[in-house]
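Analysis of the macromolecular model
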Amino acid sequence: MKKILEKYDLVVGLEIHVQLNTASKLFAADKNSFGDAPNSNVSPITLAHPGTLPKPNKSAINHAIKMGLAINCDIAAYTTFDRKNYFYPDLPKGYQTTQDQHPICRGGYIDVKSGESIKRVQFNRIHIEEDAGKSSHDAEHEGSLLDYNRGGTPLIEMVTEPVINTAEEAGNVLTEIRKIVRYINVGDGNMEQGSLRCDANISLKPKGSDQLGKRVEIKNMNSIRNVQRAINHEVVRQATLLDAGKTVLQETRGFNDETGKTTGQRTKEEANDYRYFPCPDLLPIHVSKEWVAEIKDTIPQLPHEVLADLQANFDLSTYDAEIIADQKELSDYFFATAKLTHQFKPIANWMIGPIKSYLNDSNIEIQESVIKPELLAEIIEMVAAHKISFSMASTRLLPALIESPNQSAMTLAKKMELLQSDDEDELVKTIEAVIASMPDKASAYKNGKKGLLGLFVGEVMKKSGGKANPKVANKLIAEILEK
């Protein structure tokens, strides 16, 4: 791969399809829902019965504008729908209603990691369109099974400029778009269910050349990893053809995730093959500045803004901040906890450590956790005040609170006798017993091996069942050994 990229430049453009989480479909009142019984969410409009007329879903248009604002697009004041004509069994109308000449959003960009630096990836457009139905093929049936539930589902297609130059960059663009989709709640971004899909246009050109090579489109990949695998496979395949003096055919190919290879499907259509023309059933839509401003006010902090906020104002490391900023629910949980305690680093430590383990073991998300921010903040303050050790809090108190989340952390810790003891008289007795049990180590300490202090502290903590205050224990052990 490295040798190939010394000879050729890789050029990739992505077409990212996002299903919008509206209650109903783009042009009909049919329910927009995944996983329902086949053909249960259909109507005469979805099935293209003669005489039926579409009506635009304003929520879908709002979502498209919201996504455009989130990636710095210009929002069109005037936008129209067009018909894209092609035949396929799961497209009953014989055309797809989409946007060609006047898309809802133009331009835009996001910043993503590229190696050790940050790269600005420009977008060409975002347009609104309807999804097709779904064809299924299995061994039990001779023909194809058609489910029209997905037909008419509102989509936005986000088209980047051909400015992506590595598979890693492509993966980072998809990762960031999925985060934004979820942060602003226009879709669930679930690639496994097909609510976020990606086509990649891939070409090679001689190193440093301005002339783009013939592009190959890889369709409908359902994971970020597969997009990267497909790009890397195409680099090798296309370079092999070019090195042999052959021509790369401009075509549509599919990616097989089992073999890791792409296979030809059909010669790539051009725009004129689709015979685009304005949809006569849908009037142009005029988008006012007031409408755009109203939507803009609903956009929360975006992932990159949350990341910067966590590092600048909460003093988190890049590692901690990236984990917490990865999901809006995680960052919301962090910010809610940070309003209740200023122990910011411990919040991150608990979220990335014990809380994450609890979520994984329970197979739930942070918003489903019974350990609410108020409870976590109380635990963290108790540890900071040396009322309970982190070890006791994470291994004994947290599991107990998960079982009894309606109790306060302090009440339960007292009931379980987990609080650290500040009784110096009792602690001195424990320390003296530990020192007496290790006379050789005590002698070595007095002869200069001060590093043994930690050994004594550990034994005292063990003997006290974790109840000794380690800070007080450190001080007292040193004083007794120095006598």
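Note that the structure is predicted; figures quoted are calculated from it, not measured.

On to the overall build of the protein. Each helix and strand in the protein was counted, giving 16 helices and 17 strands. For 483 residues, the compact-globule estimate of 2.2 N^0.38 gives 23 Å, and the C-alpha radius of gyration of the protein, at 30 Å, exceeds that figure by more than 25%. Dimensions along the principal axes, computed over C-alpha positions, put the protein at roughly 95 × 55 × 55 Å. If you take every contact in the protein between residues at least 6 apart in sequence, the share linking residues at least 24 apart comes to 67%. Summed over all atoms, the accessible surface of the protein reaches about 24300 Å², with 50% contributed by carbon and sulfur. Positive and negative side-chain charges in the protein, numbering 58 and 66 respectively, have mean positions lying 3 Å apart.

Moving on, we come to the environment of E329. By the secondary structure assignment, E329 is in helix α8 (residues 328-338). Sequence spacing of E329 and R182 is 147 residues, and the spatial spacing of their C-alpha atoms is 9.5 Å. Not counting residues up to four positions away in its chain, the partners in contact with E329 are I366 and Q367.

Bridge count for strand β14 (residues 251-256) against strand β15 (residues 261-267) is six bridges, and the pairing is antiparallel. When the sheet's bridge partners are listed, N256 is paired in β15 with K261. Counting the residues between successive antiparallel strands, the hairpin from β14 to β15 contains four residues, one of them, G260, with a positive phi of roughly 75°.

Our focus in this paragraph is the environment of E15. Relative to the elements of secondary structure, E15 occurs in strand β1 (residues 8-19). Residue classification places E15 among the buried positions, given a relative accessible area of 16%. Linking E15 and M67, residues 52 residues apart in sequence, is a C-alpha distance of 15 Å. Within the structure, the side chain of E15 is placed 3.0 Å from the side chain of N201, a separation counted as a polar contact.

On to the sheet that holds strand β16 (residues 277-278). Strand order in the open sheet formed by three strands is β5-β4-β16, with antiparallel pairing between adjacent strands. On the outer flanks of this sheet lie β5 (95-98) and β16, each paired with one strand and no other. Across four bridges, the pairing between strand β4 (residues 82-85) and β5 is antiparallel. Residue pairing in the sheet places D82 in a bridge with T98 of β5.

Moving on, we get to the packing of α8 against helix α10 (residues 373-384). One can describe the packing of α8 onto α10 by two numbers: an axis separation of 9 Å at closest approach and a directional angle of 55°. The orientation of α8 relative to α10 falls into the category oblique. Crossing of α8 against α10: the hand is right-handed. Listed contacts from α10 to Y333, A336 and T337 of α8 are P373, L376 and A377.

Looking now at α10. Given 3.6 residues per turn, any residue in an α-helix points the same way as the ones three and four places further on. Taking 1.5 Å of rise per residue, the twelve residues of α10 would be expected to cover 16 Å, and the 16 Å separating its terminal C-alpha atoms lies within 8% of that figure. P373, L375, L376, A377, I379, I380, M382 and V383 are the residues of α10 that are buried. Where α10 is buried, its residues contact α8, α9 (344-362), α11 (390-403) and α12 (409-415). Immediately downstream of α10, the backbone of H386 shows phi near 60°, a positive value.

Rules of the game
- Residues numbered from 1 in each chain as written.
- Predicted model: local features only at pLDDT ≥ 70, side-chain atom pairs only at ≥ 80, totals over all residues.
- Heavy atoms only, no water.
- Helix = DSSP H or I, 4+ residues; strand = E, 2+ residues; numbered from the N terminus.
- Rg over C-alpha atoms; globule rule 2.2 N^0.38 Å.
- Contact = heavy atoms within 4.5 Å.
- Areas by Shrake-Rupley, 256 points an atom, 1.4 Å probe, with all protein chains shown as cover.
- Lys, Arg positive; Asp, Glu negative; His and termini not counted.
- Charge placed at Lys NZ, Arg CZ, Asp CG, Glu CD.
- Pairing = 2+ DSSP bridges.
- Buried < 20%, exposed > 50% of the residue type's maximum accessible area, 1.4 Å probe, protein only.
- Polar contact = N/O pair within 3.5 Å; in protein donor to acceptor, adjacent residues only side chain to side chain.
- Axes fitted to C-alpha atoms, helices over the stretch in contact; angles between N-to-C directions.
- Parallel < 35°, antiparallel > 145°, perpendicular 65-115°, else oblique.
- Left-handed = near helix turned anticlockwise from the far one by under 90°.
- Expected span 1.5 Å × (residues − 1).

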